[in-house]
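# Overview (structure and organization)
Chain by chain, the residues run as shown.
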Amino acid sequence: MSPPILLALVALFAPAVAALLLVPPAARRQGWPAAVVCILGSVVSFGAALALLANQLGDPTPQTLAVPWLHAGTAVVAEAGVHVDGVAASMLAVVTLVALCVQVFSLGYMHDEPAPAFGRYFAYHALFLFSMNVLVVAPNLLQLFVGWELVGVTSYLLIGFYFRKPSAAHAAVKAFWVTKFADMGFLFGLLTLYCASGGFRWDAQLAPETATAVTLLFFLAVVGKSAQFPLHVWLPDAMEGPTPVSALLHAATMVAAGVFLVVRANPLFAQSETTRTLMLGLGAGTALFAALLALVQTDIKKVLAYSTCSQLGYMVAALGAGSVLGGFFHLTTHAFFKALLFLAAGSAIHAVHSNEIGAMGGLAKRMPLTAAAFVIGALSLAGIPGFSGFFSKDLVLEAVEGKLGSVPWAALLATAFLTAFYMGKVVFVAFFGEPSGENAKHAHEPGWSMRGPLVILAILSLVLGYFAAPFAKLHGETYHFEVGLGPILGATLGVGGFAAAYLVFGRGKRETVPAPMAWIGRIANAGIVDRIYELGYRRVTLVFADALAWFDRYVVDGLINLLGYSTLEAGAAARPIQTGLATDYVTAVVVGAVCVAAWAVTR
Amino acid sequence: MTLSTCLLLATALFAVGIYGLLTRRQAMAVLLCIELMANAANLCFVAFSRFRGGVTGQVFAAFSIALTVAEVAVGLAIVILLYRSRGDTRLDLASEMKE
Amino acid sequence: METVGFAFAAACALLSAIFVVRSSNLIHAVLWLGVTLLTTAGLYAMLGASFLAGVQVLVYVGGVITLMIFGVMITRRHDGLVVQADSGNPARGMFVAGAFFGIVAAAIRLTDGLDVAITPDAVSPADLGRALFREQVLAFEVLSLLLLGAIVGAIVIARRRDPGAPRREPLEMSARTPERAPEIVASEVRP
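Residues numbered from 1 in each chain as written. Chains lettered and ligands numbered in written order. Predicted model: local features only at pLDDT ≥ 70, side-chain atom pairs only at ≥ 80, totals over all residues. Heavy atoms only, no water.

A few words on the side chain of Lys393 of chain A. All names here are of chain A. Tracing the chain through its elements places Lys393 in helix 18 (residues 388-400). One buried charged side chain, Lys393, makes no salt bridge at all; its nearest oppositely charged neighbour is Asp394, positioned 11 Å away. Non-local contacts of Lys393, meaning those with residues more than four positions away in its chain, are made with Gln311, Tyr314, His330, Leu381, Ala382, Gly383, Ala416 and Thr419. (Helix = DSSP H or I, 4+ residues; strand = E, 2+ residues; numbered from the N terminus. Buried < 20%, exposed > 50% of the residue type's maximum accessible area, 1.4 Å probe, protein only. Lys, Arg positive; Asp, Glu negative; His and termini not counted. Salt bridge = Lys/Arg side-chain N within 4 Å of Asp/Glu carboxyl O. Contact = heavy atoms within 4.5 Å.)

Now the structure itself:
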C-alpha cells in the first residue's frame, strides 16, 4: 500500500473510529470526554490530509485502492475504497481543517449545553466528518452517493440538534425532505449510468443523449444539495441549527458537496453542452436572486445563508461555463471565508444573545478580534483586491465572460455589487456605530477556544489567493493572473458596494431595511416558493395519495371482503339443504344412485 | 313371458315403492313401501333363477325374505319408539338431524 | 294362455302397489300391500318356484302384514285426528321414481340375452332344500343368528321404561344409599 493510499485511509477512518467510540450513551453522558475523542479524531484526520496534500503537491499521479463490494451472482457490480488525486487531496485538507476549527470553536460556543447534549453534539460531528470523507475519497459515483446520503443524515441530526424546539425540528425535516427529493435525481442518474456503461465510473464515455440525461439527473441532486433555485428553500431554515454547524455544513462543506460532485464527474459533464448551459444560466440566476434576498434580511445568519446560496451559484455558473478550476478554487476560498464569517457571527451572537443585527452595534470597540475577523471575511467575500475571494471570483468571471450573450456575466457582476453592499450593511450596522441595547454595551471577547479558529481562518482568507498556482497544479492546470477588464470591473464593483453601504448604513443610521428595498422584503417574506411547494403537495401529492388510499381501502380490501362475504353468503345459502328430514336424505341417496346408474349405462 | 318382461315388472314395482318412500308422511307408510321394494327385488331373483337356470336365485330369494322380516321387526320397534317420544309418527316433523 | 295369466297377475300387482302408496287410510294401505304380496306369490308359482310361493304367503302375507296392522294400530294418534297421508312433494317423488325406472329399463333393453322365453325345466323344492343345507348351510346358520339378533334388538329398542320412575344416569341408578331405600324396595318388589 503506497503512502498516499495509507494516508487517505487514515484520514477516512480516524473520525469513524471516534464516532464508533461515541456510540454507547455512556461515552457521551459526561460531555467533555466525547469532545476530546471527536477532536482527537479530527486532528489525526487533518494531519493525514495535510501530509497527503504535501505528497500530492510533489507527485500528483492519481492512485486508487478499490475492493469488491457489491456482487450480483459472480459478477462484481460495485467497488468501495479510496481514490487519491489532487482534487481529493485538496478537498480533504479543506474539509478536515474547517471541521477541526469548527469543533474547537464549539468547545466554547456550546459550553452552556447540558453534558449529555454536549456529548451528542460531538458524536454527530465525528459522524459528519467521516461521512464527508467517504464522499471526498470515493473511487466511484456509487460510494460518493453513499457519502452524500450519510452527509444528509448528519445534517438532519445537526440542524435538528435543538429538537425540542418545533421550528428546529421542522427545519431539519424540511432540509432532509428537499434534499431527498433532489437525491432521486442522483439515484436515477446512477441507474442510467450503470445501464449505459456497466459501471459507476465518472470517466465513462456515453452517447450524447445519454450523457445529457445522466448529467441532468445528477444536476438535480446538485440543485438540492447546493441550494440552487428552486430547491434553495431549506438553507435559510437550516440556520436553526447551532452556529458552528451552520459554519461547517451549510457554508463550507456539505453544500459544497454538490459542486464537488460536478468537479469529480467533470468527464461526464464535459460530454453534455446542454447541461452545462443550464448550469450556467441557473447558477448565475440563483446568485443574483439570493443576493437580492440577502439585502433585506435582518438576522445575521440568514444574511450569511443567502450569501452562501449566492456564492454557490457562482461556483455552479463557473462549472457550467467549463472552468473546473474556477469553480473549485472558489469553493475552497469560500469554505474558509464563509466559515470565518459564520464563526465570527457566532461570537457576536454569543456576546449579545441575539441573531439580529439590530441588537448589535459598536461591537468593533468591544470585540476587536471578532470584528477584525468578520471584516476580513466580508472583504474577501466581496472580492476586494488582495483578499482570497478576489482571485477566485476573478477566475469565475473570466470563465463566464462571453457565454450566453454575456447575460450571466452581467448578472454575476451585479451580484458582486450587491454582495459587497449587504456585507457592508452588516459590518456597519453590527460592528460600528453605537450599541443598540444593554447586551451590545456589555459585549466582550470570547475565550481562546473561540478566538483561535477565527485567527486561523482569517489568515487563510487573507493569503490563500496567492496560492492559486500550486492549487491549479494539483488539478493539472496552469494559472496565470492577468490584469484585464474583468478583474478591474469586479474590484470596482466590490469597493463601490462597500462605499454605498457606508453611505446608507454608516454614520450611525439604524435603519436596517431602507424604504426603497422594502418591496424586496415583502416578496422575500411572502415565501412564494414555499407556498408553491405546499400547494403542489396538497393539490397533487395528497390528492394522489388519497386516491391510492381509496383504491386500497375499497378495491383491494373490498375484493378480500367480497371474498369473505360471498363465502358467508354461500354458506348461508347452502345451509337450507340440511333439512334434517329423513325423507329428503333418502331422496338424495336415490338420486345419487340414479346418477351413478345413468353414468354406468351410458358409458 | 320373457325375462325382460319380468324384470320390467319388478322395476316398475320398485319404482312405485320409491315414489311411496319419498312421498309418504307417516313412518308406518314408509315401512310398507320398503316392503314393496324388497318384494320387487325378490321377484327379480326368482325370475333370473327360472330363466337362466340354477338354484342360486331362489336361495337368494329365500334369504332375502328372512332378512326383510328381520328388518321389519327392527323398523317397527323404531317407529314405536318414535311414537312414544312424540305422540305421532309424522316424519316431516322429525328434523333433529340438522342440528 | 300363460301370457294372459301373467299379464293379469302383473296388472294386479302394479295396481295394488299403486293403491298402497296412494291410500290415505293406513289400514287400507296395509291391506293393499297384502294383495300385492299375494299376487307376487302367484307370480312365483307361475315361475315354477312353488316352495317360495308358499313361504311368501306364510311369512309375508301372514306374518308381516299382521305385524304392520299391529304397528299401525299402536301408533295411532289418540286425539282422533287423522294425519294427512301425503307429503307436499309428489312431483319430486314422481320425477325420481320415473328417472329410476327409465334408467333401469334402458339398461334392461340394452342388455343382450334377456329375451329368453320360459323354459320347461324349473327348480324343484328338493333342489332348493339341497342347496340350502349343503352348499349354503353356513349362510343359513348365520341367518338364524341374524334373526335372533333382530328379535333381541327390536325388544331392546322398543322396551318400555316404567313411566313412573324418572330416567337416571346408570351409575346413579345402581347406587344404594339410605336416602333411596324406599324406592329401591319398591322397585325390587315389582314383578
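A separate point is the layout of surface pockets. All names here are of chain A. Of the voids in this model, the largest pocket is the one considered here, and its volume is about 1,200 Å³. No other element matches helix 25 (residues 528-574), which puts 10 residues into the lining of the largest pocket. Grouping the constituent residues of the lining of the largest pocket by class yields 21 nonpolar, 8 polar and 7 charged. (1 Å grid on protein atoms, 1.4 Å probe; cavity = no way out; pocket = protein on both sides within 12 Å on 5 of 7 lines; lining within 4 Å. Points joined across faces, edges and corners; volume = space filled by probe spheres on them. Nonpolar A, V, L, I, M, F, W, Y, C, P; charged D, E, K, R; others polar.)

In this section: helix 18 of chain A. Residue and element names in this part refer to chain A. Taking 1.5 Å as the rise per residue, helix 18 with 13 residues should run 18 Å; its terminal C-alpha atoms sit 19 Å apart, in good agreement. Turning to helix 18, its buried residues are Ser388, Gly389, Phe390, Phe391, Ser392, Lys393, Asp394, Leu395, Val396, Leu397, Ala399 and Val400. At the C-terminal side of helix 18, Gly402 shows a positive phi close to 90°. (Expected span 1.5 Å × (residues − 1).)

This paragraph deals with empty space enclosed by the protein. All names here are of chain A. Evaluated as defined, the whole model comprises 2 cavities of 30 Å³ or more. Of the volumes computed, that of the largest cavity is approximately 60 Å³. What lines the largest cavity is Ala382, Gly383, Phe390, Lys393, Asp394, Leu397, Ala416, Gly486, Pro487, Gly490 and Ala491. Breaking the lining of the largest cavity down by element, the ones donating at least two residues are helix 18 and helix 23 (485-505).

Here the focus is the pairing of strand 2 (residues 75-84) of chain A. All names here are of chain A. Pairing analysis gives 9 bridges linking strand 1 (residues 63-72) to strand 2, with the strands arranged antiparallel. Its bridge partner being in strand 2, His71 is matched across the sheet by Val76. Counting the residues that bridge the hairpin from strand 1 to strand 2 gives 2 residues, and of these Gly73 lies at a positive phi of roughly 70°. (Pairing = 2+ DSSP bridges.)

Moving on, we get to the packing of aromatic side chains. Residues and elements named next belong to chain A. Applying the stated criterion to the full structure yields 26 aromatic pairs over all chains. Geometrically, the ring pair formed by Phe161 and Tyr162 is edge-to-face, given 5.4 Å between the ring centres and 70° between the ring planes. The buried category is assigned to Phe161, whose relative accessible area is 2%. Here the aromatic rings of Phe186 and Phe218 are separated by 5.2 Å at their centres, their planes lie at 70°, and the arrangement is edge-to-face. Highlighted residues: Phe186 in helix 7 (residues 166-197) and Phe218 in helix 8 (residues 208-225), separated in sequence by 32 residues. Each member of the pair Phe186 and Phe218 is classed as buried. In textbook terms, an aromatic cluster arises when at least three aromatic residues are bridged by ring pairs, as seen for Phe118, Tyr121, Phe122, Phe161 and Tyr162. (Phe/Tyr/Trp six-rings, centres within 6.5 Å; stacked < 30°, edge-to-face > 60°.)

Next up on the list: the interface of chain C and chain B. One frequent convention defines the size of an interface as the accessible area lost when the parts assemble. Chain C puts 85 residues into the contact, and the matching count from chain B is 69 residues. The interface formed by chain C and chain B contains 0 salt bridges. In this assembly, chain C and chain B are joined by 8 residue pairs in polar contact (both at pLDDT 80 or more). Counting residues per element, the ones that place at least two in the side of chain C that touches chain B are helix 1 (2-22), helix 2 (26-46), helix 3 (50-74), helix 4 (90-110), helix 5 (125-135) and helix 6 (137-158) of chain C. The leading source of residues in the side of chain C that touches chain B is helix 4 of chain C, at 12 residues. (Polar contact = N/O pair within 3.5 Å; in protein donor to acceptor, adjacent residues only side chain to side chain.)

The partner chain A presents 9 residues to the 7 residues of chain C that form the contact. Here chain C packs against chain A, burying approximately 620 Å² in sum over the two surfaces, 83% of which is carbon and sulfur. Among the residues of chain C in contact with chain A, Arg92, Val96 and Ile103 of chain C are the three that bury the most area, contributing 71% of the side total. One can count 1 salt bridge joining chain C with chain A. Of the charged contacts, one joins Arg92 of chain C and Asp584 of chain A as a salt bridge, the two residues approaching to 2.8 Å between their closest N and O atoms. At the boundary of chain C and chain A, one finds 1 residue pair in polar contact (both at pLDDT 80 or more). (Buried area = accessible area lost by both parts, 1.4 Å probe.)

Bringing helix 7 of chain A into the picture now. Residue and element names in this part refer to chain A. Here helix 7 is 32 residues long and its end C-alpha atoms lie 46 Å apart, about the 46 Å a rise of 1.5 Å per residue gives. Largest kink in helix 7: about 25°, centred on Phe181. At the C-terminal side of helix 7, Gly198 shows a positive phi close to 75°. (Bend = angle between axes of the 7 residues up to and from the residue.)

Let's shift gears to the side chain of His125 of chain A. All names here are of chain A. Looking at where His125 falls in the secondary structure, it is placed in helix 5 (residues 115-136). Using a relative accessible area of 0% as the deciding quantity, one classes His125 as buried. In contact with His125, not counting residues within four places along its chain, are Cys38, Val102, Gln103, Ser106, Val245 and Leu248.

Moving on, we get to the packing of helix 2 (residues 27-52) of chain B against helix 1 of chain C. Viewed as axis vectors pointing N to C, helix 2 of chain B and helix 1 of chain C meet at an angle of 160°, and their least axial separation amounts to 10 Å. As judged from the angle between their axes, helix 2 of chain B and helix 1 of chain C are roughly antiparallel. For the crossing formed where helix 2 of chain B meets helix 1 of chain C, the hand is left-handed. Judged by residue contacts, Leu32, Cys33 and Leu36 of chain B of helix 2 of chain B engage Ala17, Val20 and Val21 of chain C from helix 1 of chain C. Considered class by class, the residues forming the contact of helix 2 of chain B with helix 1 of chain C number 6 nonpolar, no polar and no charged. (Axes fitted to C-alpha atoms, helices over the stretch in contact; angles between N-to-C directions. Parallel < 35°, antiparallel > 145°, perpendicular 65-115°, else oblique. Left-handed = near helix turned anticlockwise from the far one by under 90°.)

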